[in-house]
There are 2 protein chains.
Amino acid sequence: MTESNWLDEVKWDEKGLVVAIAQDAVTGRVLMVAYMNRESLQLTAATGIAHYWTRSRQKLWKKGEESGHLQLVKELRLDCDGDVITMQIEQTGGIACHTGRESCFYRVWRDGQWQVTDAVIKDPQAIYHGHSH
Amino acid sequence: MTESNWLDEVKWDEKGLVVAIAQDAVTGRVLMVAYMNRESLQLTAATGIAHYWTRSRQKLWKKGEESGHLQLVKELRLDCDGDVITMQIEQTGGIACHTGRESCFYRVWRDGQWQVTDAVIKDPQAIYHGHSH
């Protein structure tokens, strides 16, 4: 069994990507969703730290490389179709969203509107030292 | 405020779709991931029952229309980028996966392999009466 076998079982899309969902390992809350290519999934499994592929910047993205908010991966799962990954993670700093919130899913549908329910924990300016992404 | 406003805040991809994640409302477990188009999201919000767009069959898909395993939606959230939806659901029959398992994520990465951890609850043949999808 070579290391590449399990990577071949993943059904990469036409851009070579899969959807990757990061959940809080304790609460199960979905913190963020991004994409992985083969290299980032391989690195995630090898290091236990979440790596993605950023479509906007078109490069490998070690989550937290700027903010320090690394994601420690406790478990990786693949779905029946092989095109979605779930990760149970420990979110360093308790902030996964670039807006400074715990989760990217801070808007709930209520009365025909997306209503913001979650407070900003830390000002993004303070997180990224003036950088944004 | 017209009903379409909140739908316009969703960032539909080039195929007019968003990723939709169904989580068990009690445990937080991710049960399945599929896609929604504008019509399916609107129907989901209006009826409280999850509707998707099936890419393989290219049509509106009311989850459970064949199996009876409807998904009752307790909460809908949108992420910061507007291109992913999470749903907290009650899964009728306790089976979300077409393989007859609770969740589509029944394989865990261990020792360099995807290992099946979850048992089949009900034979898919019995669920779909000979149909498959």
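Residues numbered from 1 in each chain as written. Chains lettered and ligands numbered in written order. Predicted model: local features only at pLDDT ≥ 70, side-chain atom pairs only at ≥ 80, totals over all residues.

## Considerations on the overall build of chain A
- Scanning chain A from terminus to terminus reveals 3 helices and 8 strands.
- Along chain A, helices (α) and strands (β) appear in the sequence α-β-β-α-β-β-β-β-β-β-α when read from the amino end.
- Here chain A has a C-alpha radius of gyration of 15 Å; the compact-globule value for 133 residues is 14 Å, and the two agree.
- On the principal axes, the C-alpha backbone points of chain A span a range of 45 × 35 × 30 Å.
- Here the contacts in chain A between residues at least 6 apart in sequence split such that 42% fall between residues at least 24 apart. (Helix = DSSP H or I, 4+ residues; strand = E, 2+ residues; numbered from the N terminus. Rg over C-alpha atoms; globule rule 2.2 N^0.38 Å. Contact = placed C-beta atoms within 7 Å.)

## Some remarks on the pairing of strand β4 (residues 59–62) of chain B
Residues and elements named next belong to chain B.
- Sheet topology note: the strand β3 (residues 51–54)/β4 ladder contains 4 bridges and is antiparallel. For Thr 54, the partnering residue across the bridge sits in β4 and is Lys 59.
- Counting the residues that bridge the hairpin from β3 to β4 gives 4 residues, and of these Gln 58 lies at a positive phi of roughly 55 degrees. (Pairing = 2+ DSSP bridges.)

## Thoughts on the interface of chain A and chain B
- Taken together, the contacts link 32 residues of chain A with 32 residues of chain B.
- Those elements that provide at least two residues to the side of chain A that touches chain B are β1 (18–24), β2 (30–36), β5 (71–78), β6 (84–91), β7 (107–110) and β8 (113–116) of chain A.
- At 4 residues, β5 of chain A tops the list of elements feeding residues into the side of chain A that touches chain B.
- Alignment of β5 of chain A against strand β7 (residues 107–110) of chain B, held across 2 bridges, turns out to be antiparallel. Each residue of the ladder has a partner; that of Arg 77 of chain A, found in β7 of chain B, is Val 108 of chain B.

## Side note on helix α2 (residues 38–47) of chain B
All names here are of chain B.
- Looking only at α2, the buried set comprises Ser 40, Leu 41 and Thr 44. Buried residues in α2, looked at end-on, bunch into an arc of 100 degrees, giving them a common side.
- Looking at the residues trailing α2, positive phi occurs at Gly 48, about 75 degrees. (Buried ≥ 20, exposed ≤ 12 C-beta atoms within 10 Å, placed from the backbone. Arc of directions from axis to C-beta.)

## Observations concerning the relation of the copies chain A and chain B
- Aligned on chain B, chain A shows an RMSD of 0.0 Å; the corresponding rotation is 180 degrees and the shift along the axis is 0.0 Å. Expressed as an axis order, the relation between the two copies is that of a two-fold axis. Distance from the rotation axis, computed per C-alpha, reaches its smallest value in chain A at Gly 28 of chain A: 2.4 Å.
- Here 100% of the contact residues of chain A are again contact residues in chain B; the copies associate through an equivalent surface. (Least-squares fit on C-alpha atoms with pLDDT ≥ 70 in both.)

## Focus: the confidence of the model for chain A
- Averaged over every residue, the pLDDT of chain A is 93; residues scoring 70 or more account for 93%.
- Here the predicted complex carries an ipTM of 0.93, next to a pTM of 0.94. (pLDDT = per-residue confidence, 0-100.)

## Re the nonpolar core
- Among the nonpolar cores identified, the biggest contains 58 residues, and Ile 21 and Ile 85 of chain A together with Ile 21 and Ile 85 of chain B are the most heavily contacted of them.
- Residues contacting Ile 21 of chain A, with those up to four places away along its chain left out, are Val 30, Val 33, Val 84, Ile 85, Thr 86 and Met 87 of chain A together with Ile 21 and Val 30 of chain B. (Core = buried A, V, L, I, M, F, W, Y, C linked by C-beta atoms within 7 Å.)

## A word on unusual backbone geometry
Residues and elements named next belong to chain A.
- Even without glycine at this site, Gln 58 takes up a positive phi of about 55 degrees.
- You can see Gln 58 is positioned in the loop between β3 (51–54) and β4 (59–62).
- Even without being a glycine, Asp 111 presents a positive backbone phi close to 50 degrees.
- By the element assignment, Asp 111 lies in the loop between β7 and β8.

## Here's the deal with the environment of Glu 90 of chain B
All names here are of chain B.
- Tracing the sequence through the fold places Glu 90 in strand β6 (residues 84–91).
- Separated by 39 residues in sequence, Glu 90 and His 51 place their C-alpha atoms 14 Å apart.
- The contact partners of Glu 90, leaving out residues within four places of it in the chain, are Ala 25, Leu 72 and Lys 74.

## Let's talk about the pairing of β5 of chain A
- Bridge analysis of β5 of chain A against β6 of chain A gives 7 bridges, and the strand direction is antiparallel. Considered in β6 of chain A, the bridge of Leu 78 of chain A is made with Ile 85 of chain A.

## Observations concerning the environment of Tyr 128 of chain B
All names here are of chain B.
- By secondary structure assignment, the location of Tyr 128 is in helix α3 (residues 124–128).
- Since 14 C-beta atoms lie within 10 Å of it, Tyr 128 is described here as partly exposed.
- Put simply, Tyr 128 and Trp 114 are 14 residues apart on the chain and 26 Å apart in space, counted from C-alpha to C-alpha.
- When neighbours within four sequence positions are excluded, Tyr 128 is seen to be in contact with Glu 66 and Ser 67.

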